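Fold and geometry: a report
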Amino acid sequence: MTHTLLRGRLLSFLRAPQDLGDTGSYLYESDGGLLIKDGLIIACGAYDKVSAQAPADVRSVDHRPHLIMPGFIDMHLHFPQMQVIASYAANLLEWLNTYTFPEECRFVESDHAQRIAGHFYDELVRHGTTTAVAYCSVHKTSADAFFAEALKRNMRMVGGKVMMDRNAPQGLLDTPQMGYDETRQIISEWHGKGRNHVAITPRFAITSTPAQMEATQALACEFPDLHIQTHLSENHEEIRFTCELYPEAIDYTDIYARYGLLGDKTLFGHCIHLSDREADAMSEAGSVAVHCPTSNLFLGSGLFPLKALARRQKPVRIGVATDIGGGSSYSMLRTMDEAYKIQQLLGERLNPLESYYCMTLGNAQSLSLADRIGTLDVGSDADIVVLNAAATPAMALKMEVVKTLPEELFLLQTMGDDRAIVETYVAGVAAKSAI
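A few points on the structure.

**As for the nonpolar core**
Phe120 and Tyr256 are the most contacted members of the largest nonpolar core, which totals 108 residues. Broken down by element, this core gets its largest block of residues, 7 residues, from helix α3 (residues 110–126). For Tyr256, the residues in contact, after removing those within four places along its chain, are Phe204, Ala205, Met213, Thr230, His231, Leu232, Leu261, Leu262 and Phe268. In this structure, Met75, Cys292, Ala321 and Leu367 belong to the second largest nonpolar core, which totals 14 residues.

Structural data, given as structure tokens:
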């Protein structure tokens, strides 16, 4: 296969930045080169050095003066909720019952699931997202459409059929046995095919009976290397109702613990209202709290204590995500802009280096996939985003006075969206321009 050589300013994180002056936390090349072959990065560094390693027939793309980064990673969103986004409701449970559940019923039809899958991946790529962790609907057809489209586009994606056997419309219910059997089937058919990862996906404790939680536990025991994804402590009414359904549990987190679902590959959406005991339990298990700022604000769920959880004596691992369609944007830039504002309201600061670390290496580490994605390291998948901080007239005007890399990153985060994405490369192939 022909080599590809990208030229531009390179930014890739090596570890979590401590502060704005922590230049040791990232690699930055003002004139950098990335050499790609067979979907992998084979050289990264100063352009002169990297270009000297390229064969004579290399395909060169000059992205100067734009910024080249690892593709963004979205840790939590709902594939069947593309037409639920921007639905007016008072709170989480009303929003689920009024809009979300009726829409998800449509995914029993494979034609509908396939159509939405095409739009879903187009939006991810258009916004610079190269890996996402998605909930499908309860129907196997939705998972089949999701993974088939990922395979077609050669994207590294994580997803799962939701398991839910109560407190939802009849068209959205499986049974403990069906949830178990269909999840096993999906694992057999899709996990490891192309770059697909199947996640065991009980929607949340409200929509699963104890018998289904036992079936989920059986899957987790049989497939210990798979991700598990569910929801936790998003909304006060949800917490109250959940604890009523499982009166024997100490608290919401303890429900999942009782069924062996607390582990280092468990991704809990939201986690806004955790008690100290719950945060300790998550920390000890290595489970991940996934922050969904646009969704939390849109549904009025609360302010996620990102900084407080990270600096605890027993810190909690954190990811960041759009949570489409409770979330209001497919853009990880818009997501981190809202995350910044939430920390401001809590009297905390989230600096731009931290934001971009979260979207790339931080999320890759929280997914236990940092050996494959989230950096521009040699050997990593060539999933890459190219960013233009002067993409709109207002951004270009602001760029006239931007002096430093953190200032440029903050401008992109504050004013950027899909228009700032020049190109998205998936396994080394330009994907945005192909839409």
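**Quick look at the packing of helix α13 (residues 352–366) against helix α15 (residues 405–415)**
Running from N to C, α13 and α15 point in directions that differ by 65°, and their axes come no closer than 8 Å. Of the two possible hands of crossing, α13 and α15 adopt the one that is left-handed. Mapping the contact onto sequence places Pro352, Leu353, Ser355 and Tyr356 in α13 and Pro406, Leu409, Phe410, Leu412 and Gln413 in α15.

**As for the side chain of Glu103**
Here Glu103 is to be found in helix α2 (residues 92–104). By relative accessible area, Glu103 is classed as buried at 9%. Those residues in contact with Glu103 that sit more than four places away from it in its chain are Pro80, Gln83, Val84 and His112.

**Focus on the layout of surface pockets**
Empty space within the largest pocket amounts to approximately 460 Å³. Looking at the largest pocket, it is lined by 20 residues, and the ones nearest its centre are Ala16, Ala310, Ile318, Tyr357 and Cys358. For the lining of the largest pocket, the leading source of residues is α13, giving 7 residues. Asp122, Val125, Lys152, Arg153, Asn154, Met155, Val426, Val429, Ala430, Ala431, Ala434 and Ile435 are the residues that line the second largest pocket. If you list the elements that add at least two residues to the lining of the second largest pocket, you get α3, α4 (140–153) and β16 (429–430). Residues that form the lining of the second largest pocket fall into these classes: 8 nonpolar, 1 polar and 3 charged.

Conventions we followed
- Residues numbered from 1 in each chain as written.
- Predicted model: local features only at pLDDT ≥ 70, side-chain atom pairs only at ≥ 80, totals over all residues.
- Heavy atoms only, no water.
- Core = buried A, V, L, I, M, F, W, Y, C linked by side-chain atoms within 4.5 Å.
- Buried < 20%, exposed > 50% of the residue type's maximum accessible area, 1.4 Å probe, protein only.
- Helix = DSSP H or I, 4+ residues; strand = E, 2+ residues; numbered from the N terminus.
- Contact = heavy atoms within 4.5 Å.
- Axes fitted to C-alpha atoms, helices over the stretch in contact; angles between N-to-C directions.
- Left-handed = near helix turned anticlockwise from the far one by under 90°.
- 1 Å grid on protein atoms, 1.4 Å probe; cavity = no way out; pocket = protein on both sides within 12 Å on 5 of 7 lines; lining within 4 Å.
- Points joined across faces, edges and corners; volume = space filled by probe spheres on them.
- Nonpolar A, V, L, I, M, F, W, Y, C, P; charged D, E, K, R; others polar.

So far we have only geometry, and geometry alone does not tell us how the molecule works.
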